[in-house]
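Residue strings, one per chain:
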Amino acid sequence: MSSSPTGVPYWESKSLEQMSTEEWEALCDGCAKCCVHKLQDEDTDRVYFTTVACGLLDTDTCRCSGYEIRQKLVPECMVLTPAGAHNIEWLPHSCAYRRIAEGRGLAPWHPLISGTNTSVHDAGVSVRGLVISERFVDLAHIEEYVIDEFPDEDQSAHS
């Protein structure tokens, strides 16, 4: 799965649309920023992140505890597609899907590059330690949890 017969990694030799389900899933860097609640300003359409995560998110590992059935458990859970990776403006600049869609390649801390699933946390790019599960929040007051952006955003993401 990691490279083509020419030795080029699949994420460098295929478009998002050409990737198999297994390749697509492996591309997720595990930051879990997509798993936090977001609010959209009705007047400006600007999307704001909050520090409140989906109740299915394991806030320590930044992985979904019900991934295979998440849409059944959380009908509003968005399933990211190649089209979404190209068009969803709120995807963080550090997101692997966005990076590939924009032709920027994977960040050095990405698990496919580093060889370890903890590199995203070690680089300070995940939401680990920054979010709280919605199970502990009164969602009627979620606007109290709005933030401008997550700290330690991938510094190389804008290059």
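Since this is a predicted model, take the numbers as computed values, not measurements.

Definitions and limits used
Residues numbered from 1 in each chain as written. Predicted model: local features only at pLDDT ≥ 70, side-chain atom pairs only at ≥ 80, totals over all residues. Heavy atoms only, no water. Pairing = 2+ DSSP bridges. Helix = DSSP H or I, 4+ residues; strand = E, 2+ residues; numbered from the N terminus. Contact = heavy atoms within 4.5 Å. Disulfide = S-S within 2.5 Å. Buried < 20%, exposed > 50% of the residue type's maximum accessible area, 1.4 Å probe, protein only. Salt bridge = Lys/Arg side-chain N within 4 Å of Asp/Glu carboxyl O. Phe/Tyr/Trp six-rings, centres within 6.5 Å; stacked < 30°, edge-to-face > 60°. Lys NZ or Arg CZ within 6 Å of the ring centre and 35° of its normal.

S.K.: If you had to explain the pairing of strand β1 (residues 36-40) to someone new, which residues and values would you point to?
M.R.: Taken together, the four bridges between β1 and strand β2 (residues 47-53) define a ladder with antiparallel strand orientation. Paired with L39 across the strands is Y48, a residue of β2. Here β1 folds back onto β2, and the loop between the two strands holds six residues, one of which, D45, carries a positive phi near 70°.

S.K.: An account of the environment of V79 is needed here, citing residue identities and associated values.
M.R.: Position of V79 relative to the elements: it lies in the loop between α3 (70-73) and α4 (82-87). Along the sequence, V79 and C34 sit 45 residues apart, while their C-alpha atoms lie 9.8 Å from each other. Other than its neighbours up to four places away in sequence, V79 contacts R70 and Q71.

S.K.: Could you give an account of the state of the cysteines, with specific residues and numbers?
M.R.: Disulfide: a covalent bond connecting the sulfur atoms of a pair of cysteines. The full count for this structure, using the stated rule, is zero disulfides. Residue C35 stays outside any disulfide, its sulfur separated by 4.0 Å from that of C34, the closest cysteine. With no disulfide partner, C64 has as its closest neighbouring cysteine sulfur the one in C54, 6.1 Å distant. What makes C64 partly exposed here is its relative accessible area of 25%.

S.K.: Describe the pattern of salt bridges, and please don't skip the residues or the numbers.
M.R.: On inspection of all chains with the given rule, the structure shows four salt bridges. Across the pair E23 and K14 runs a salt bridge, and its minimum N-O distance is 2.9 Å. Its relative accessible area of 8% is what places E23 among the buried residues. Measuring nitrogen to oxygen at the nearest pair gives 2.9 Å for the salt bridge that ties R104 to E102. Look at E102 and you get partly exposed, because its relative accessible area is 41%. Among the ionic contacts, a cluster of salt bridges with common partners joins R98, E102 and R104.

S.K.: I'd like a rundown of the packing of aromatic side chains, residues and numbers included.
M.R.: The geometry of two aromatic rings is summed up by the distance between their centres and the angle between their planes. For the structure on display, the rule yields three aromatic pairs. Note on W24 and Y97: the rings are 4.3 Å apart at their centroids and 35° apart in plane angle, and the pair reads as tilted. Note that W24 is positioned in helix α2 (residues 21-27) and Y97 in helix α5 (residues 96-101), a separation of 73 residues in sequence. Residue class for W24 comes out buried when judged on its relative accessible area of 11%. Given a relative accessible area of 8%, Y97 falls into the buried group. Aromatic side chains F49 and W90 sit 6.2 Å apart centroid to centroid with 75° between the ring planes, which places their arrangement in the edge-to-face category. Highlighted residues: F49 in strand β2 and W90 in the loop between α4 and α5, separated in sequence by 41 residues. Over the face of the ring belonging to W90 we find K38, whose NZ or CZ atom lies 4.4 Å from the ring centre. In this arrangement the basic side chain of R70 is found over the ring face of Y67, its NZ or CZ atom lying 3.9 Å from the centre.

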